[in-house]
Amino acid sequence: TTQSPTSTPSVDAKKTSDLTNHLATILAKTAGLPELIIRTPMTQIRKKIAKRLRDAQNTMVMLTTFNEIDMTQIIAWRAKYKEAFQQKYKTSLGFMPFFVKAAVSALQEYPQINAFLQEKEIIYHNYYHIGVAVASERGLVVPVIRHADHLSFIEIEQVIQGYVEKAKQNQLDLSDLEGGTFTISNGGIFGSLLSTPILNFPQTAILGMHKIEDRPIALDGQVVIRPMMYLAMSYDHRMVDGRESVQFLKRIKDCLENPERMILKI
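Caption draft 1: Representation of the layout of surface pockets. In this model, the largest pocket occupies a volume close to 480 Å³. Secondary-structure elements contributing two or more residues to the lining of the largest pocket are α2 (44-59), β6 (139-141), β8 (182-186) and β9 (205-209). Residue contributions to the lining of the largest pocket peak at six residues, all from α2. Taken together, the residues of the lining of the largest pocket break down into 13 nonpolar, nine polar and three charged. In this structure, the second largest pocket encloses a volume near 300 Å³. Lining the second largest pocket are 16 residues, with Met96, Ile160, Val164, Asn186 and Ile189 positioned closest to its centre. Residue assignment for the lining of the second largest pocket shows that the elements contributing at least two residues are β5 (134-136) and α5 (153-168). Among the elements that make up the lining of the second largest pocket, the one with the highest residue count is α5 (four residues). Split into classes, the residues belonging to the lining of the second largest pocket amount to eleven nonpolar, four polar and one charged.

Caption draft 2: Structural context of the pairing of β9. In terms of residue burial, β9 counts as a mostly covered element, since five of its five residues are buried. What you see with β9 is no split at all: Ala205, Leu207 and Met209 on one side and Ile206 and Gly208 on the other are buried throughout. When β8 meets β9, the two strands line up parallel, connected through four bridges. Within the sheet, the bridge partner assigned to Ile184 lies in β9 and is Leu207. In the sheet, β9 pairs with strand β11 (residues 222-236) via four bridges, with the strands oriented antiparallel. In the strand pairing of β11, Gly208 is matched with Ala232.

Caption draft 3: Summary view of the pattern of salt bridges. Taken as a whole and assessed by the stated rule, the structure comprises ten salt bridges. The salt bridge partner of Asp70 is Arg226, with a shortest N-O separation of 3.5 Å. Separated by 156 residues along the polypeptide, Asp70 in strand β1 (residues 62-70) and Arg226 in strand β11 bring together distant segments of the chain. Here Asp70 falls in the buried class, since its relative accessible area comes to 15%. Taking the relative accessible area as the measure of exposure, Arg226 reaches 24% and is therefore partly exposed. Asp236 is paired through a salt bridge with Arg238; the nearest N and O atoms lie 2.7 Å apart. The network of salt bridges with shared partners includes Lys166, Asp173 and Asp176.

Caption draft 4: Summary view of the packing of aromatic side chains. If you walk through the whole model with that rule in mind, you get five aromatic pairs. Their ring planes at 70 degrees and their centres at 6.5 Å tell us that Trp77 and Phe98 sit as a pair that is edge-to-face. One end of the pair, Trp77, is in helix α3 (residues 72-89); the other, Phe98, is in helix α4 (residues 96-109), with 21 residues separating them in the sequence. You can call Trp77 partly exposed: its relative accessible area is 25%. When its relative accessible area of 2% is taken as the criterion, Phe98 is described as buried. Pairing Phe85 with Tyr89 gives two aromatic rings, centres 4.9 Å apart and planes at 50 degrees, and the pair type is tilted.

Criteria and thresholds
- Sequence positions are assigned chain by chain, starting from 1 and proceeding in written order.
- Restriction of local features to residues with pLDDT of at least 70 applies here, the model being predicted, together with a cutoff of 80 or more for giving and counting side-chain atom pairs; totals for whole chains, interfaces and linings are based on all residues.
- Side-chain metrics in this entry use all non-hydrogen atoms of the structure; hydrogen atoms and water are not considered.
- Lining residues are defined by having an atom within 4 Å of a point belonging to a cavity or pocket. Those points lie on a 1 Å grid over the protein atoms alone, cavities being sets where a 1.4 Å probe fits but cannot get out and pockets being open sets with protein on both sides within 12 Å along at least five of seven lines.
- Grid points are joined across faces, edges and corners, and a volume is the space filled by probe spheres set on the points.
- A helix here means a DSSP run of H or I that spans at least four residues, while a strand means a run of E at least two residues long, and both kinds are numbered starting from the N terminus.
- Residues are grouped as follows: Ala, Val, Leu, Ile, Met, Phe, Trp, Tyr, Cys and Pro are nonpolar; Asp, Glu, Lys and Arg are charged; all remaining types, including Gly, are polar.
- Using a 1.4 Å probe on the protein chains alone, a residue whose accessible area is under 20% of its type maximum counts as buried, one over 50% counts as exposed, and one in between counts as partly exposed.
- Any two strands are treated as partners once DSSP identifies two or more bridges connecting them.
- We define a salt bridge as a side-chain nitrogen of Lys or Arg found within 4 Å of a carboxyl oxygen belonging to Asp or Glu.
- Two rings belonging to Phe, Tyr or Trp (six-membered ring only in the last case) form a pair when the distance between their centres is within 6.5 Å. Interplanar angles under 30 degrees mark stacking, angles over 60 mark edge-to-face geometry, and anything in between is tilted.

Put into structure tokens, the structure is as follows:
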């Protein structure tokens, strides 16, 4: 004789019944609750941001390339000169001036990334107006540091702090946001580890900074812990080839991992 396999239909049925009862209880609890909505008109700045993002998506062929940088040297420089910098200039030295200077160095080496495509012409800019994304109550705005190649680290920091203060007080003018040739966005201040930034139309490229995290890396045959940051650069593939974008981002990496290169201009 054969023995039928053991089954527990009563247990399965009880489990199904319990789940059904729980579902009914939860649905009864939320049934009839009001579904409130709020409608507010878009601000002029929000409209402008939305239009630029849509124009970028509709017009450009966007691609993103990534790299990572060891922030050890930059952090060491800031720690060494932080107190003296604060005493002399009454402000702290942030990371952004280093990135602005590194971006200018890379743009000088790859001028097509500092250019715009306009119909059938490429417009090259022999100046460096670097937009820096700043959070405000009205959304993310991108004031422009004009002629950044002629400014010192402290002057760049002072310009940024001035824009941050104007943003807090909703005093940014439209002229503050116009004329940029390249943009830097720092999602790391909000905790972003990695992202693909959207181009700031009609610019050809945008650099995305991210959160600094201690990570194990291989260095000289040893595993060491280093403060690392992922970099992302989105670019218009109509203007820039993959090789150039990778080399551009590597130039930024080299400048930041060896800050003396920005001072010696090598």
